[in-house]
Amino acid sequence: ALHRALALGLAATAAARLAAAALFPTAPRWDGFFYHQHAARLAAGLGYADLGTGRPTAFYPVGYPFALSLPLRLGLSPFAAVVALNLLASLASTAAVLLVAARAPDPRAPVRAALAAALYPGLALWSCAAMGETLTAALLVVALALATHPAQRPRHALLAGGALGLAALVRPPSLLSLAAVAAAAPPGRRVRALGLAALAAGAVLAPWAARNALSLDAPAMVSTNGGSNALIGTLDDARGGYLRPVAPDDCRHLHGEVARDRCLRDAALARVAAAPLRWASLGVEKLVVTFGWEHDPVSYLRAPHTPLRSDRAALAATAACTLAWWSLLALAWRRRRVGDPTTRAVAVTAAATAATHFAFLGADRYHLVLAPALMLLATRPAAEEAR
């Protein structure tokens with residue numbers, strides 16, 4: 001039965017993603033444009049360098065461009081490479097959600113989990129985007145599946161930490177989910193689980209951090225855009241979302257990438273200290289922007305040659321995605337269980353995501369990294385069904 005559910009889930013996931021790719025053949029856009037440019041350079045053996053100056057960079061996290069460079073090395077077109085990479089990540093997400101659901105006594109749970117992971121509309125549409133959320137979501141849910149394994153062996157914490165290290169190379173705040181590994185462990189083993197996970201994550205990140213220390217003006221663990229994102233999060237006109245920041249004069253004339261990042265961070269902290277209540281109210285706006293609806297998958301794919309070209313079609317698709325998101329939140333809340341390791345791990349991961357976007361900036365695509373993790377709760381049997 002488990003093999004049939006897995007086959008069904010993987011087939012449905014592939015069908016949904018390939019159908020989306022056929023309907024929405026969209027060239028890399030938004031940050032994805034730069035990710036693809038970096039990936040193409042990596043595929044050509046030119047290194048990870050600033051697209052304008054050619055100097056080594058770590059402004060954008062390297063994880064997604066590096067992963068995207070692998071299918072590009074095989075000769076795939078930019079869009080085909082995006083579809084291939086995101087499809088593999090989506091298959092991993094579906095498998096992880098299904099295998100966690102298989103731990104429940106209800107024989108219907110794996111099929112329910114497989115179809116939810118495969119057919120969730122926002123994830124299916126976003127698999128066409130040259131953006132890092134699909135890969136991050138897969139690595140996060142794989143880490144949670146390992147951390148909540150019933151056997152709770154040391155290797156599970158190590159593997160979960162390794163997955164989170166990879167996720168951090170794609171999206172640095174993923175490292176905060178190391179706390180979820182500890183939360184999933186029994187009370188007497190939490191420090192050990194956290195230590196093992198942190199050790200594995202550090203081992204994954206160490207080569208890139210060493211490269212940055214040697215190539216940039218100062219050490220940087222993953223990327224150097226945290227300062228600019230923090231500064232954006234203090235801007236009233238950004239209204240919780242993205243707005244290109246104007247660097248202060250002190251930062252504008254700095255040549256070192258890490259020095260500039262630290263200068264922007266300090267400018268952001270100064271603005272927070274000057275008006276902490278205003279910053280807190282902006283934080284609420286960021287959370288609303290991030291978790292209140294789901295429009296980015298539609299906005300990214302909307303183009304004159306796609307089925308979303310009209311306002312009415314885009315509005316209907318946005319409504320469907322938003323309804324699916326709200327339903328997922330509601331089901332995850334209803335199926336949570338006090339004292340349950342999976343509930344604790346998912347709650348910590350969700351809290352880490354919320355804290356990240358309260359402090360930095362919001363966009364509704366950012367909650368997509370949580371969708372497979374929430375399915376670990378939403379697709380399992382209700383308490384009365386499990387008895």
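Residues numbered from 1 in each chain as written. Predicted model: local features only at pLDDT ≥ 70, side-chain atom pairs only at ≥ 80, totals over all residues. Heavy atoms only, no water.

A. Quick peek at the overall build of the protein. In terms of helices and strands, the protein carries 19 helices and zero strands. For the protein, whose C-alpha radius of gyration is 21 Å, the value lies close to the compact-globule estimate of 21 Å for 387 residues. For the protein, the C-alpha atoms occupy an extent of roughly 65 × 55 × 45 Å along the three principal directions. Of all 387 residues assigned to the protein, the portion counted as buried reaches 52%. Contacts in the protein between residues far apart in sequence, at least 24 positions, make up 77% of those at least 6 positions apart. Of the accessible surface of the protein, which amounts to about 17,100 Å², a share of 67% is contributed by carbon and sulfur atoms. The positive charge centre, built from 36 side chains, and the negative charge centre, built from 20, are 10 Å apart in the protein. (Helix = DSSP H or I, 4+ residues; strand = E, 2+ residues; numbered from the N terminus. Rg over C-alpha atoms; globule rule 2.2 N^0.38 Å. Buried < 20%, exposed > 50% of the residue type's maximum accessible area, 1.4 Å probe, protein only. Contact = heavy atoms within 4.5 Å. Areas by Shrake-Rupley, 256 points an atom, 1.4 Å probe, with all protein chains shown as cover. Lys, Arg positive; Asp, Glu negative; His and termini not counted. Charge placed at Lys NZ, Arg CZ, Asp CG, Glu CD.)

B. Seen up close, the packing of aromatic side chains. A complete count under the given rule lists ten aromatic pairs for this structure. With centroids separated by 5.8 Å and ring planes inclined at 55 degrees, the aromatic side chains of Tyr35 and Tyr64 adopt a geometry described as tilted. Of this pair, Tyr35 sits in helix H2 (residues 31–43) while Tyr64 sits in helix H3 (residues 63–73), placing them 29 residues apart in sequence. Both residues of the pair, Tyr35 and Tyr64, belong to the buried class. Taken together, the ring pairs connect Phe33, Phe34, Tyr35, Phe59, Tyr60 and Tyr64 into an aromatic cluster. Cation over ring: Arg29 sits above Tyr300, and NZ or CZ is 5.7 Å from the ring centre. The ring centre of Trp333 lies 3.7 Å from the NZ or CZ of Arg336, which sits over that ring. (Phe/Tyr/Trp six-rings, centres within 6.5 Å; stacked < 30°, edge-to-face > 60°. Lys NZ or Arg CZ within 6 Å of the ring centre and 35° of its normal.)

C. View of the state of the cysteines. According to the stated counting rule, one finds one disulfide in the structure shown. For Cys128, which is in no disulfide, the shortest distance to another cysteine sulfur is to Cys321 and amounts to 12 Å. (Disulfide = S-S within 2.5 Å.)

D. Just the packing of H3 against helix H4 (residues 78–101), in detail. One can describe the packing of H3 onto H4 by two numbers: an axis separation of 9 Å at closest approach and a directional angle of 115 degrees. Our classification of the angle between H3 and H4 gives roughly perpendicular. When the axes of H3 and H4 are compared, the crossing they make is right-handed. Contacts between H3 and H4 involve Tyr64, Ala67, Leu68, Pro71 and Leu72 from the first element and Pro78, Ala81, Val82, Leu85 and Asn86 from the second. (Axes fitted to C-alpha atoms, helices over the stretch in contact; angles between N-to-C directions. Parallel < 35°, antiparallel > 145°, perpendicular 65-115°, else oblique. Left-handed = near helix turned anticlockwise from the far one by under 90°.)

E. Quick peek at a positive patch on the surface. On the surface, Arg153, Arg155, Arg189 and Arg192 cluster together into a patch of positive charge. Here Arg189 shows up in the loop between helix H9 (178–184) and helix H10 (190–215). (Patch = residues over 30% accessible without salt bridge, like charges linked within 9 Å, V, L, I, M, F, W, Y side chains within 5 Å. Salt bridge = Lys/Arg side-chain N within 4 Å of Asp/Glu carboxyl O.)

F. Representation of the nonpolar core. By size, the foremost hydrophobic cluster in this structure holds 92 residues, and its most contacted members are Tyr64, Leu68, Tyr120, Val181 and Leu328. Take this core: its biggest share by element is ten residues, from H4. Not counting the four nearest positions on each side in its chain, Val181 is found in contact with Ala147, Ala157, Ala160, Leu164, Ala193 and Ala197. Grouped together as the second largest cluster of nonpolar side chains are seven residues, Ala230, Leu264, Ala267 and Ala268 included. (Core = buried A, V, L, I, M, F, W, Y, C linked by side-chain atoms within 4.5 Å.)

G. Summary view of empty space enclosed by the protein. Using the criterion set out here, one finds three cavities of 30 Å³ or more in the structure. Taken as a whole, the largest cavity encloses approximately 100 Å³ of empty space. What lines the largest cavity is a set of 14 residues, among which Gln152, Arg153, Ala157, Ala185 and Ala193 lie closest to the centre. Broken down by secondary-structure element, the contributors of at least two residues to the lining of the largest cavity are helix H7 (133–147), helix H8 (154–170) and H10. (1 Å grid on protein atoms, 1.4 Å probe; cavity = no way out; pocket = protein on both sides within 12 Å on 5 of 7 lines; lining within 4 Å. Points joined across faces, edges and corners; volume = space filled by probe spheres on them.)

H. Looking closely at the packing of H7 against helix H18 (residues 371–378). At a minimum axis distance of 7 Å, the contact between H7 and H18 shows a crossing angle of 35 degrees. Counting all contacts with H7, which are made through Ala137, Val141 and Leu144, the residues of H18 involved are Pro372, Ala373 and Leu376. Classifying every residue of the contact of H7 with H18 gives six nonpolar, no polar and no charged. (Nonpolar A, V, L, I, M, F, W, Y, C, P; charged D, E, K, R; others polar.)

I. Just a nonpolar patch on the surface, in detail. Nonpolar side chains collect at one region of the surface, where Leu8, Val111, Leu115 and Leu119 lie side by side and expose about 300 Å² of accessible area between them. Tallying contributions element by element places helix H5 (residues 109–119) first for the nonpolar patch, with three residues.

J. Here's a closer look at the side chain of Asp261. In this fold, Asp261 is placed in helix H13 (residues 257–274). Despite being buried, Asp261 has no salt bridge partner; Arg262 is the closest side chain of opposite charge, sitting 6.3 Å away. Of the polar contacts made by the side chain of Asp261, one reaches the backbone nitrogen of Gly227; its length is 2.6 Å. In this structure Asp261 touches Thr224, Asn225, Gly226, Gly227 and Ser228, once residues within four positions along its chain are discounted. (Polar contact = N/O pair within 3.5 Å; in protein donor to acceptor, adjacent residues only side chain to side chain.)

K. Structural context of H7. Between its terminal C-alpha atoms H7 stretches 21 Å, which fits the 21 Å expected from 15 residues at 1.5 Å a residue. For H7, the buried fraction is high: 13 of the 15 residues fall into the buried class. (Expected span 1.5 Å × (residues − 1).)

L. Here's a closer look at the pattern of salt bridges. Evaluated as defined, the whole model comprises nine salt bridges. In this structure, the salt-bridge partner of Arg265 is Asp266, at a minimum N-O distance of 3.3 Å. The partly exposed category is assigned to Asp266, whose relative accessible area is 41%. The partner of Asp311 in a salt bridge is Arg302, with the nearest N and O atoms 2.3 Å apart.

In short, geometric facts, not functional conclusions.
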